[in-house]
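Spelled out, the chains give:
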Amino acid sequence: MSNSRELRQETVGRVVLLTILTLFIFAAFGLAQGPEPVISTVTVPIEKQVRQTFEFKDDRVYFSNAFPGGRLNAIEKDEAGRYVVTITPENAPINMSPWYAFKVWSRRKKEIQVRLVYPEYARHRYDPKLSTDGKTWTPLDPQKIVHEGKDPQDEESLPRSAVISLTVSRRPVWVSAQELQPSSEVFAWMDAIAKKAGAPIEEIGKSREGRPLRMLRLGNTSSKRMMLVISRQHPPEVTGYFAIQAFIEKLIDGSEASSAFRRDWGIYVVSLMNPDGVDEGHWRHNQGGIDLNRDWQDFNQPETQAVRNFLSRRIAETGGRFYFGIDFHSTWNDIYYPMNRIYEGNSPRLVERWLGNIQAAIEGYEPRIQATERLFPTRVSRNYFFDCCGMEAIVYEIGDNTPRDFIRKKGEVAAVELMKLLSKPRP
Ligand SMILES: [Zn+2]
C-alpha cells in the first residue's frame, strides 16, 4: 500500500517537473500559448448545394443560386413577409468567411426584405455587393442593411444575421458577399494578360473536380532567376485577388522598367489556386473539404501538389532559383505576414527592404507587419516556399473592406518597388 502511494507521489512529482520544464522550453521559444493543433488535410466529405431557382409563385419573386460562385442553401418566408436565406458552408469546422451569392428578380418592381442567416457557430461578415450585369458591382447602401444580434458589450463583434432591403424587378440583381469573380472571369483575365505580354499559359494540374490549374509564365522563362505568385486558395478572398491583378498588370505595363525586369526574370503566376471552391461558392475549402493553406506539409490535395511538383520540375529544368514567393489573401484588415528575419533564403532582407520601400512610396502609409517565427510544420504556402526553395516569402493580406482604389494603388507600388529591388544594376 505505502509503496504504491510513494510510487504514485513520485510519478506525480515527475509529471509536475516535466510540465514545468516543458512550459519553460515553450516560453523560451516564444511558444507559451502552445503550438497550433495540426489538423489532418486528408479529404473529407463536403455538402454540395442543389443548384436551382427558388420560386415564390404567389409573390412572383424568384431566387437562384444556379451560377458559378453562387451560394444560397435554403430559403423560406417568415411571418413578417421577409425572405429568410440560409447560408451554410461546404463542411465544418471552418473559418468565419461565410460566402453567399444569389440572383433575385420579380415580375413586378417592388421592395423586398431578405434576411441572411447562418449556422449557430457563424456570423454575418460581408455586407452585400450588388450587380445587374455580373461585372459592375456596388455596395448596398448601408441604410438598407440592418445588423441583428451583435454582442451589446462588444462594439467590434459581428452580427448574427442581417436584414437587407432590395429593389427587385424583372431584371435579375446579383447579391454577393464580395464582387463575384468565378473561374471564367479569372481565366479571361489571365488570357488578356497572356495576350498583352505575349506569354504562354501552362496547365500545371487539375483541381479535385477536374478544373484546370492554370499558370501564367511571364517574362524570361529560361531565366535562372525566378519568382512565384499565387492567390485565391480561399474562395471569398476577392480583395486579395484584386491586389494580385494590380500587381501583375504593373509587371507587364510596357514601361521600360517592366520590360527590363521581364528580360531578366521568370515570373510564374497561379492566380486561382482553388477553382472548385470559387465556382462552388465555398466559404474556405477545396472540393476535398480542406483548407488548402494548411496542406503545404502533407500535400494531400491536388491543388497544392501541382505547385509543389511545378517548383521542383522548374528548378531542375532551369538549374535556377526562386528568389521571391508571394501569396495573396484577404482578411479583416490589410497586413503583411513575412517570415522572421532569422530565416535567410536566396536573397536575405529582400522582403524587409521591399516593405520599407512600399511604405516610403505611399505618403502617410503605415503598413501592419507581423513576421512569423515558426517555420515547421510548413503547412502554409509561405513556409513551404521558404523551406523548399529558399524563397523570400510573404503572405500579402488585404482587408475585406479596403477601398478598391487603394488596393490597386498599393498593388502597383508593390510591383514597382519589387522590380527596382530585383533588377540588375545596368551600366
Ligand atoms: Zn486566405
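Residues numbered from 1 in each chain as written. Predicted model: local features only at pLDDT ≥ 70, side-chain atom pairs only at ≥ 80, totals over all residues. Heavy atoms only, no water.

### Details of the overall build of the protein
For the protein, the count of helices and strands is nine helices and 18 strands. Expected size for 427 residues packed as a compact globule is a radius of gyration near 22 Å; at 24 Å, the protein falls within 12% of this value. With respect to the three principal axes, the spread of C-alpha positions in the protein is 85 × 65 × 45 Å. With 427 residues in all, the protein has 53% of them scored as buried. Sequence separation of at least 24 residues holds for 76% of the intrachain contacts in the protein that already meet a minimum separation of 6. (Helix = DSSP H or I, 4+ residues; strand = E, 2+ residues; numbered from the N terminus. Rg over C-alpha atoms; globule rule 2.2 N^0.38 Å. Buried < 20%, exposed > 50% of the residue type's maximum accessible area, 1.4 Å probe, protein only. Contact = heavy atoms within 4.5 Å.)

### Here's the deal with the sheet that holds strand 13 (residues 212-219)
Strand order in the open sheet made by the seven strands is 12-13-15-14-16-18-17, with mixed pairing throughout. Since the sheet does not close on itself, it has two edges, and those belong to strand 12 (201-206) and strand 17 (335-338), each with one partner. Each neighbouring strand pair of the sheet contributes to a mean axis angle of 20 degrees, computed without reference to strand direction. Of the strands in this sheet, strand 16 (321-331), strand 17 and strand 18 (392-399) are in contact with helix 7 (residues 350-361), which crosses strand 18 at around 35 degrees. The sheet strands contacting helix 8 (residues 381-389) are strand 14 (225-231), strand 16, strand 17 and strand 18, and the helix crosses strand 18 at an angle near 165 degrees. (Pairing = 2+ DSSP bridges. Axes fitted to C-alpha atoms, helices over the stretch in contact; angles between N-to-C directions.)

### Remarks on helix 9 (residues 404-422)
Between its first and last C-alpha atoms helix 9 spans 27 Å; for 19 residues at 1.5 Å apiece the expected length is 27 Å, and the two agree. Within helix 9 the residues assigned to the buried category are Ile407, Lys410, Gly411, Val413, Ala414, Ala415, Glu417, Leu418, Met419 and Leu422. (Expected span 1.5 Å × (residues − 1).)

### Here we look at the pattern of salt bridges
Inspection of every chain in the model, using the stated rule, returns 33 salt bridges. Each member of the salt-bridge network shares a partner with another, and the members are Lys48, Arg51, Glu209, Arg211, Asp276, Asp279 and Glu280. (Salt bridge = Lys/Arg side-chain N within 4 Å of Asp/Glu carboxyl O.)

### So, helix 8
For helix 8, the tally of buried residues reaches seven of nine residues, placing the bulk of the element in the interior. What helix 8 keeps buried is the set Ser381, Arg382, Asn383, Tyr384, Phe385, Phe386 and Cys389. Note on helix 8: the residue one or two positions beyond its end, Gly390, has a positive phi of about 70 degrees.

### Concerning the sheet that holds strand 8 (residues 138-139)
Strands sit in the order 1-2-5-11-7-8 across an open sheet of six strands; the sheet is antiparallel. On the outer flanks of this sheet lie strand 1 (53-56) and strand 8, each paired with one strand and no other.

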